[in-house]
Amino acid sequence: MPQPDRILVGVFGAPHGVRGAVRLKSYTQDPRAILGLGPLDAEDGRAFGVTLVRPAGEEMLIVRVAGIADRDAAAALTNTRLYVPRSAFPQAADGEEFYYADLLGLPVESREGEPLGSVVGVEDFGAGDLLEIAPAGGGPTAWLPFTRAFVPVVDLVGRRLVAAPPVEWGTPANEDEEEPA
């Protein structure tokens, strides 16, 4: 469930070694920037202080967590989502900049003003950003490429997105195929 006052900035991964180090996948533009955001909070209210051991790839860091001294304690942190208060980030400079968290919950409408649904997620599976849209009429969520061609208007002040989805958008797979004879 989106929490507008907190931003998801990373997640603990598997332990690294036997002395309590843990992998940390950072969602910040510069992965090391997560270290300067102050304590990282878990959904259950626990706060974690982290220090860098070393980078491990483009988005992954190996970190030490205050109070974690062995592999078993580090393993207990696996898949813990990490948040910081929204106030830890500067305001966007203009209408062209925003945080993905700002999009969660926004209504999505067509160019004609017809309700299409609302944003429930923003993901990047490697081929570019996608918006996950819960349809206005219910049913399974649909993915929409988050490009200017498909989402020409992001209106944070007016609390809406305007979308120009492809014709087949929202059509279940195989619905328009003919029945076999």
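Now for a quick tour of the structure. (Residues numbered from 1 in each chain as written. Predicted model: local features only at pLDDT ≥ 70, side-chain atom pairs only at ≥ 80, totals over all residues. Heavy atoms only, no water.)

**Re the overall build of the protein**
Next, step 1: A tally of regular secondary structure across the protein gives 1 helix and 13 strands.
Next, step 2: Taking all 181 residues of the protein together, 30% fall into the buried category.
Next, step 3: For the protein, restricting intrachain contacts to residue pairs at least 6 apart in sequence, the fraction spanning at least 24 positions comes to 49%.
Next, step 4: For the protein, the exposed surface amounts to about 11100 Å²; the carbon and sulfur share of it is 52%. (Helix = DSSP H or I, 4+ residues; strand = E, 2+ residues; numbered from the N terminus. Buried < 20%, exposed > 50% of the residue type's maximum accessible area, 1.4 Å probe, protein only. Contact = heavy atoms within 4.5 Å. Areas by Shrake-Rupley, 256 points an atom, 1.4 Å probe, with all protein chains shown as cover.)

**A closer look at the pairing of strand 10 (residues 129-135)**
Next, step 1: As judged from the 7 bridges shared by strand 9 (residues 115-124) and strand 10, these two strands associate in the antiparallel manner. Considered in strand 10, the bridge of Gly 117 is made with Pro 135.
Next, step 2: Across 4 bridges, strand 10 lies against strand 11 (residues 142-145) in antiparallel orientation. Bridge pairing in strand 11 places Leu 131 opposite Leu 144.
Next, step 3: If you look at the hairpin formed by strand 10 and strand 11, you'll find 6 residues sitting between the two strands, and Gly 138 has a positive phi there, around 90°. (Pairing = 2+ DSSP bridges.)

**What about the nonpolar core?**
Next, step 1: In this structure, Val 9, Phe 12, Val 63 and Val 65 are the most contacted members of the largest nonpolar core, which totals 20 residues.
Next, step 2: Those elements that place two or more of their residues in this core are strand 1 (6-16), strand 2 (21-26), strand 6 (60-65) and strand 7 (81-85).
Next, step 3: Those residues in contact with Val 9, other than ones at most four positions away along the chain, are Lys 25, Ser 26, Tyr 27, Thr 28, Ile 34, Leu 37, Leu 40, Leu 82, Tyr 83, Val 84 and Phe 89.
Next, step 4: In this structure, Leu 116, Leu 144, Ala 163 and Trp 169 belong to the second largest nonpolar core, which totals 15 residues. (Core = buried A, V, L, I, M, F, W, Y, C linked by side-chain atoms within 4.5 Å.)

**Details of the packing of aromatic side chains**
Next, step 1: In the structure shown here, the tally under the stated rule is 2 aromatic pairs.
Next, step 2: Ring geometry for Phe 12 and Phe 48: centres 5.4 Å apart, planes at 85°, overall edge-to-face. You can see Phe 12 sitting in strand 1 and its partner Phe 48 sitting in strand 4 (residues 47-48), a full 36 residues away along the chain. Considered together, Phe 12 and Phe 48 belong to a single accessibility category, that of buried residues.
Next, step 3: For the ring pair Tyr 100 and Phe 146, a centre distance of 6.1 Å and an interplane angle of 65° mean the geometry is edge-to-face. Taken together, the residues Tyr 100 in the loop between strand 7 and strand 8 (107-110) and Phe 146 in the loop between strand 11 and strand 12 (153-155) connect sequence positions 46 residues apart.
Next, step 4: Geometry around Tyr 83 places Arg 6 over its ring, the cationic atom sitting 4.4 Å from the centre. (Phe/Tyr/Trp six-rings, centres within 6.5 Å; stacked < 30°, edge-to-face > 60°. Lys NZ or Arg CZ within 6 Å of the ring centre and 35° of its normal.)

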